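# Coordinate analysis (summary)
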Amino acid sequence: MNGKLKINATLRVLTGMHIGGSSAFSAIGAVDSPVVSDPRTHMPIVPGSTLKGKLRSLLAAYQDNAAKDPSEDCEPILRLFGSSSPIRRSRLQFSDAFVSNADDFREIGLTEIKFENTINRVTLEAMPRQIERVVSGVEFDVNIVYNIENADQIEEDIALLAKGIRLLQLDYLGGHGTRGNGRVGFSGFSVEPLFCDNLTNEQIEQYTSILKGVENYALLTV
């Protein structure tokens, strides 16, 4: 069977999130580590590559015999995320996620500057730095397309994606997660069939139910 499933959800930032952008041409006095942003709107984004890579790494880490090389991941992970050696197309396509509730942050802004400091243990010299973070409460529209290649594997594939999303909500997205950054939650899952008339409404509802089963699985709520 050919066709696609369009999966939509909302990603909500629960603690300040830092997905780093380029600071190669920063002016003197600028933030040391800015977040990645859309050059057109200058609003922060969640790159599709970041979300895809994090989900894959979490799933790989929790498989029974975690592979050291992505090309050696188990078959279900390779099906969903693909391989470069040998070349294998991913069944999942991730889009960059854009801010969906910017109007709620007109007064305070979408990002904050977090000041951090490290101390040289020998000289006791302070080494301050500035890290930009997306503030708590900002929401992003997540869009994932699943390419149907085998109708008998759809439910298993969706369940594996749901497991990765659940693991992500128990982990973090972006950098500095062990210091409290990057806790996120997912909600509002929907599944829309595209060019696949052979799927029944009951099947679509089942796939949606699997994803909704991991909504708001995060460690924190705000």
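A quick note: this is a predicted structure, and the numbers were derived from the prediction, not measured. (Residues numbered from 1 in each chain as written. Predicted model: local features only at pLDDT ≥ 70, side-chain atom pairs only at ≥ 80, totals over all residues. Heavy atoms only, no water.)

## Here's the deal with the overall build of the chain
Per the secondary structure count, the chain includes 4 helices and 10 strands. Reading the chain from its N terminus to its C terminus gives the helix and strand order β-β-α-α-β-β-β-β-β-β-β-α-β-α. Seen through its principal axes, the chain has C-alpha atoms that stretch 65 × 40 × 35 Å. Counting only residues that meet the buried cut, the chain has 43% of its 222 residues in that class. Put simply, of all contacts in the chain between residues at least 6 apart along the chain, 72% involve residues at least 24 apart. (Helix = DSSP H or I, 4+ residues; strand = E, 2+ residues; numbered from the N terminus. Buried < 20%, exposed > 50% of the residue type's maximum accessible area, 1.4 Å probe, protein only. Contact = heavy atoms within 4.5 Å.)

## As for the pairing of strand β1 (residues 4–13)
Of all 10 residues making up β1, 7 are buried, and the element is well covered by its neighbours. Relative to strand β10 (residues 184–194), β1 is paired through 9 bridges, and the arrangement is antiparallel. Across the sheet, leucine 11 pairs through a bridge with phenylalanine 186, a residue of β10. (Pairing = 2+ DSSP bridges.)

## Topic: the packing of helix α3 (residues 154–169) against helix α4 (residues 201–212)
Between α3 and α4, the least distance of the axes is 9 Å, while the angle of their chain directions is 20°. Regarding the angle of α3 to α4, the classification is roughly parallel. For the crossing formed where α3 meets α4, the hand is right-handed. Facing Ile154, Glu155, Ile158, Ala159, Leu161, Ala162 and Ile165 of α3, the residues of α4 in contact are Gln206, Tyr207, Ile210 and Leu211. Of the residues that constitute the contact of α3 with α4, the class distribution is 9 nonpolar, 1 polar and 1 charged. (Axes fitted to C-alpha atoms, helices over the stretch in contact; angles between N-to-C directions. Parallel < 35°, antiparallel > 145°, perpendicular 65-115°, else oblique. Left-handed = near helix turned anticlockwise from the far one by under 90°. Nonpolar A, V, L, I, M, F, W, Y, C, P; charged D, E, K, R; others polar.)

## A closer look at the confidence of the model for the chain
Across the chain, the average pLDDT comes to 90, with 91% of residues at 70 or higher. Counting contacts from residues 24–29, a segment whose pLDDT is below 50, to residues more than four positions away or on other chains yields 2 contacts. (pLDDT = per-residue confidence, 0-100.)

## Concerning the nonpolar core
Core analysis: the largest hydrophobic core is formed by 52 residues, its most contacted members being Leu5, Ile7, Met17, Val138, Phe140, Phe186 and Leu211. Tallying contributions element by element places α3 first for this core, with 8 residues. (Core = buried A, V, L, I, M, F, W, Y, C linked by side-chain atoms within 4.5 Å.)

## Quick word on the packing of aromatic side chains
Considering all chains together, one arrives at 2 aromatic pairs under this definition. Ring plane angle 15° and centroid distance 6.3 Å describe the contact between phenylalanine 186 and phenylalanine 189, whose orientation is recorded as stacked. Residue class for phenylalanine 186 comes out buried when judged on its relative accessible area of 2%. Of note, lysine 54 hangs over the ring of tyrosine 172, and the distance from its end group to the ring centre comes to 4.3 Å. The aromatic ring of tyrosine 217 is capped on one face by arginine 166, whose charged end is 5.8 Å from the ring centroid. (Phe/Tyr/Trp six-rings, centres within 6.5 Å; stacked < 30°, edge-to-face > 60°. Lys NZ or Arg CZ within 6 Å of the ring centre and 35° of its normal.)

## Looking at α3
A rise of 1.5 Å per residue sets the reference length of α3, with its 16 residues, at 22 Å; its end C-alpha atoms lie 23 Å apart and thus fit the reference within 8%. The set of residues buried in α3 consists of Ile154, Asp157, Ile158, Leu160, Leu161, Ala162, Gly164, Ile165, Leu167, Leu168 and Gln169. (Expected span 1.5 Å × (residues − 1).)

## Considering unusual backbone geometry
In this structure, the amide linkage connecting serine 85 to the following residue, proline 86, adopts the cis form with an omega of 0°. Among the structural elements, proline 86 can be located in the loop between β3 (83–84) and β4 (87–88). Although it is not a glycine, phenylalanine 195 adopts a positive phi angle of roughly 60°. Residue position: phenylalanine 195 is located in the loop between β10 and α4. Its relative accessible area of 73% is what places phenylalanine 195 among the exposed residues.

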